[in-house]
Amino acid sequence: MITSKKFTPFLLLVAFSLVFIIEWYTPIHSDDYRYSLLGLSFESHLHHYMTWSGRVVADLVSSLILTTNSRFFYACITGLVVVAFCYLIVKTPSRSFRLHKNDVLLFPLIFLSYWISNPNLGQTTFWIVGSANYLWTNLFAAAWIWGMYRICVENITVTKWYMVALSLFAGCSTESIGPFIVALAALAVAYDAWFHKTVILSKLLYLCASIAGALVLIFSPGNFIRASGETHQVWYQKPLTERIAYHLTERFFSHQALIWIGWVVLVLLGILAFVCIKRNVTLNRVKTVMMWLMVCVGIGTSLIMFASPTYPDRVMNGTFMFILFAIAFLASNLLDTRQRVANRGVAAIVLILVGVFIWSYTLMLTAYKRVWQQDQVRLQIIAHEIAGQQRIFTIPDFHFSKLQNSGGHFGFFHDPLVYGEYFGAENIDKVKVGFDYSVLATGNKQILNDAVTAWFNADGDIMLVSDAPLEGTVEISSASKRYILPVAQFKQATINQAYWYYHSVPDKTIKAIALVP
């Protein structure tokens, strides 16, 4: 096993760089435009709180990041937050930020699990508003868990004011996590009262701060306004038993399946622990208890969602965080034994994850590069239409190529009025095209006639853009072959007054295109 602590900073830099690159190719999208328009004024955020959302922390983080309007800053901050989140989980079992030789295996174990098993990586990480809601809030919760675990194990009674702030932020994180931060704080107070016959005022203060945060989150007037909508009322009008039954039978297990790789990693570590115990190896009791506590809390954050009429995949990121904590506690427990079977077993799991990660990352990098190029096409369309004094027009929807799973891409939500306001138009709607049109930004251009222009690239992608519907055939010449394809075989879409036609050929050496009537 690699034991040099000097290697850990290199791993952190690699992880940061990998996240940075994907975020670099991630255009702002969806609600990013809305929160960019929201700005930082107190009045706008108060109105948002009173009419829409109680997630004060997430909403402020979203607006703060988006006000920079910097692609470099977006990529930097996303990379830093992912690395900080994973590192906090890694360092919680040791209760210290000092480098340890176990980190060489623990950090890649957590980082790779975070990437590969994430329930919705695109919407929880590579989306500014989504990351503010499901990554930043988890970061505050993870920092709180690190601090509270250290306080409880080391019996620290002095009030840590950073923990007061973290208690408030973690309590005001998300509806699934906030109540359990309160529950864990209450558990710490109750443990002292039951076993030590005392109440530590600092822990009581952390509990009160977490309760305050949760109350701000849950009892937001905006939440009640949203809940009064017709769709939500249909859910709330159902008997409680029916809602619980539906949640347990239709949503709970399907959402657990989203993080099945995380569960598999935990089970494999459990098998290693069983082998060690059979060899009379003693595991740390506190870490074992914490592992089970994190599993129980993780399941609880999913069970509590019976109260919600909607359960988006991205909400599982809260549950997933606690499973990652469970993995960290169990893996750390195993590595602390210094047993060869434990070290090699954890290393083997990491190597398996590395193999899956390479495949996953390659697919994601290719897809996000193409999406960034598609966004350049969208921006060109917007600029062209606004220059032509058009107030209402359409842009193509994003199209992702194959990913490890459907959670790899960001969301496709689109509010035409918000997009219009952001770009200075009235209404910008989207059209689903069903193909990758990035060739319009990067391909070779060839004018076929006064009304038709062709684009093609080295990947075999071909697009024709025409002022009128096309008929006939398209002749494609490459270095070694000629293709004759009917226009009817091309995928088609209409964007404003332009007619788009897309096809791909296996030959990567396209030289010229001709339109045959």
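Coordinates for the structure precede this section.
Residues numbered from 1 in each chain as written. Predicted model: local features only at pLDDT ≥ 70, side-chain atom pairs only at ≥ 80, totals over all residues. Heavy atoms only, no water.

Looking at the side chain of Ser438
For clarity, the threshold we go by: Labels follow the DSSP assignment, with helices taken as runs of H or I lasting at least four residues and strands as runs of E lasting at least two, numbered in each case from the N terminus. Burial classification: accessible surface area is computed with a 1.4 Å probe over protein chains only, and a residue below 20% of its type maximum counts as buried, one above 50% as exposed, and the rest as partly exposed. Contacts are residue-level and defined by heavy atoms, with any inter-residue pair within 4.5 Å sufficient.
Residue placement: Ser438 occurs in the loop between strand 2 (427–431) and helix 20 (439–442). Since its relative accessible area comes to 1%, Ser438 is described here as buried. Excluding anything up to four places from it in sequence, Ser438 contacts Arg370, Gln373 and Gln374.

A short note on the layout of surface pockets
Empty space among the atoms becomes visible once a probe the size of a water molecule is rolled across them. To be explicit about the condition: Space inside and on the surface of the protein is sampled on a 1 Å grid over the protein atoms alone, with a cavity defined as a set of points where a 1.4 Å probe fits but cannot get out and a pocket as an open set with protein on both sides within 12 Å along at least 5 of 7 lines; lining residues have an atom within 4 Å of a point. Grid points are joined across faces, edges and corners, and a volume is the space filled by probe spheres set on the points. Each residue gets one of three labels, nonpolar for Ala, Val, Leu, Ile, Met, Phe, Trp, Tyr, Cys and Pro, charged for Asp, Glu, Lys and Arg, and polar for the others, Gly among them.
In this model, the largest pocket occupies a volume close to 1300 Å³. Around the largest pocket sit 42 residues that line it, and Arg55, Glu175, Asn223, Arg226 and Thr310 are the ones nearest its centre. Listing elements by their share of the lining of the largest pocket, those giving two or more residues are helix 2 (32–38), helix 3 (42–51), helix 8 (128–153), helix 11 (201–218), helix 12 (221–227) and helix 13 (230–236). Among the residues making up the lining of the largest pocket, the classes are represented as 19 nonpolar, 16 polar and seven charged. Taken as a whole, the second largest pocket holds about 650 Å³ of empty space.

A few points about the pattern of salt bridges
Counted only if it meets this: In what follows, salt bridge is the name for a side-chain nitrogen of Lys or Arg lying within 4 Å of a carboxyl oxygen of Asp or Glu.
On inspection of all chains with the given rule, the structure shows 14 salt bridges. Glu175 is the partner of Arg55 in a salt bridge, and the nearest nitrogen-oxygen pair spans 2.7 Å. Taken together, the residues Arg55 in the loop between helix 3 and helix 4 (56–67) and Glu175 in the loop between helix 9 (161–171) and helix 10 (178–195) connect sequence positions 120 residues apart. Residue Arg55 is classed as buried on the basis of its relative accessible area, which comes to 12%. Between Asp103 and Lys91 there is a salt bridge; the shortest N-O distance is 2.9 Å. In this pair, Asp103 is assigned in helix 6 (residues 103–117) and Lys91 in helix 5 (residues 71–91), connecting sequence segments twelve residues apart. Taking relative accessible area as the criterion, Lys91 reaches 1% and is therefore assigned buried. It is possible to trace a salt-bridge network through shared partners that takes in Arg370, Asp436, Asp459 and Asp461.

Observations regarding the sheet that holds strand 10 (residues 510–516)
Paired through backbone hydrogen bonds, the strands of a sheet run either parallel or antiparallel to each other. Operational definition: Paired strands, as defined in this entry, are two strands with at least two bridges between them according to DSSP. Axes here refer to lines fitted to C-alpha atoms; in helices the fit is confined to the stretch in contact. Angles between the N-to-C directions go from 0 to 180 degrees.
The three strands are arranged 7-6-10 in an open sheet whose pairing can be described as antiparallel. Either end of the sheet is taken by a strand with one partner, and the two such strands are strand 7 (482–486) and strand 10. If you compare each strand with its neighbour and ignore which way they point, the axes differ by 20° on average.

Overview of helix 15 (residues 260–278)
Think of an α-helix as 3.6 residues a turn; residues three or four steps apart then line up on the same face. Rule in force here: Any helix carries an expected span of 1.5 Å times its number of residues minus one. Starting at the helix axis, one direction is taken to each C-beta atom, and the arc is that of these directions.
For helix 15, which comprises 19 residues, the first-to-last C-alpha distance of 27 Å matches the rise-based estimate of 27 Å (1.5 Å per residue) to within 8%. All buried positions along helix 15 are accounted for by Ile261, Gly262, Val265, Leu266, Leu269, Leu272, Ala273 and Cys276. Seen end-on, helix 15 carries its buried residues on one side only, within an arc spanning 140°. Across from the buried face of helix 15, at angles greater than 90 degrees, the exposed residues are Trp260, Val267, Phe274 and Lys278. Tucked into the core, helix 15 has its buried residues touching helix 6, helix 16 (285–303), helix 17 (316–336) and helix 18 (340–387).

A look at empty space enclosed by the protein
Here the structure, examined in full by the defined rule, presents three cavities of 30 Å³ or more. If you go around the largest cavity, the residues you meet are Trp115, Ile116, Asn118, Leu121, Ser360, Leu363, Met364, Leu403, Gln404, Asn405 and Gly408. Within the residue set of the lining of the largest cavity, elements represented by two or more residues are helix 6 and helix 18. If you tally residues by element for the lining of the largest cavity, the top one is helix 18, at three residues. Approximately 40 Å³ is the volume attributed to the second largest cavity.

A few points about the pairing of strand 9 (residues 498–504)
With five of seven residues buried, strand 9 is to be regarded as a mostly interior element. Pairing between strand 5 (residues 461–466) and strand 9: six bridges, direction antiparallel. Residue pairing across strands places Val465 opposite Trp500, the latter belonging to strand 9. As paired strands, strand 8 (residues 491–495) and strand 9 are joined by five bridges and run antiparallel to one another. Across the sheet, residue Ala493 finds its bridge partner in strand 9, namely Trp500. Taken together, strand 8 and the strand that follows it, strand 9, pair antiparallel across an intervening segment of two residues, in which Asn496 is found at a positive phi of about 60°.

With respect to the environment of Leu330
In this fold, Leu330 is placed in helix 17. For Leu330, a relative accessible area of 7% puts it in the buried group. Taking the C-alpha atoms as reference points, Leu330 and Leu283, separated by 47 residues in sequence, lie 9.2 Å from one another. Aside from chain neighbours lying at most four places away, what touches Leu330 is Leu266, Leu269, Gly270, Ala273 and Met291.

Observations regarding the sheet that holds strand 5
Spatially, 3-4-5-9-8 is the arrangement adopted by the five strands of the open sheet, whose pairing is antiparallel. What marks the edges here is a single partner per strand, and that holds for strand 3 (444–447) and strand 8. Across the sheet, the axes of successive neighbouring strands diverge by a mean angle of 20°, strand direction being ignored.

Notes on the nonpolar core
Here is the rule: Only buried Ala, Val, Leu, Ile, Met, Phe, Trp, Tyr and Cys residues count toward a nonpolar core, and they belong to the same one when joined by side-chain atoms within 4.5 Å.
By size, the foremost hydrophobic cluster in this structure holds 149 residues, and its most contacted members are Phe111, Trp115, Leu269 and Trp500. Looking at this core, the element that brings in the most residues is helix 8, giving 17 residues. Apart from the residues within four sequence positions on either side, Leu269 is in contact with Leu109, Ile327, Leu330, Ala331, Leu334, Val346 and Ile349. Judged by nonpolar contacts, the second largest core, of 16 residues, contains Val452, Leu470, Val487 and Val505.

Concerning the packing of aromatic side chains
Here is the rule: Planes of paired rings set the category: under 30 degrees apart is stacked, over 60 is edge-to-face and the rest tilted, where pairs are Phe, Tyr or Trp rings (Trp by its six-membered ring) whose centres lie within 6.5 Å.
Tallied over the full model, the rule gives 34 aromatic pairs. Centroid distance Phe435 to Tyr502: 5.1 Å. Interplanar angle 0°. Geometry classified as stacked. Here Phe435, found in the loop between strand 2 and helix 20, pairs with Tyr502, found in strand 9; they are 67 residues apart in sequence, far enough to count as distant. Phe435 gets classed as buried once you look at its relative accessible area, which sits at 1%. Since its relative accessible area comes to 11%, Tyr502 is described here as buried.

Focus: helix 19 (residues 416–423)
The line we're drawing: The term polar contact refers here to a pair of N or O atoms within 3.5 Å; inside protein, the definition further demands a hydrogen-donor-capable atom paired with an acceptor-capable atom, and it admits residues adjacent in sequence only when both atoms are side-chain atoms.
Every buried residue of helix 19 is listed here: Val418, Tyr419 and Gly420. Buried-residue contacts for helix 19 involve helix 2, helix 18, strand 1 (392–396) and strand 2. Two or three places before Leu417, at the opening of helix 19, Asp415 has a side-chain oxygen 3.1 Å from that residue's backbone nitrogen. Downstream of helix 19 by one or two residues, Gly424 has phi in the positive range, about 85°.

As far as function goes, none of this settles anything; it's purely spatial.
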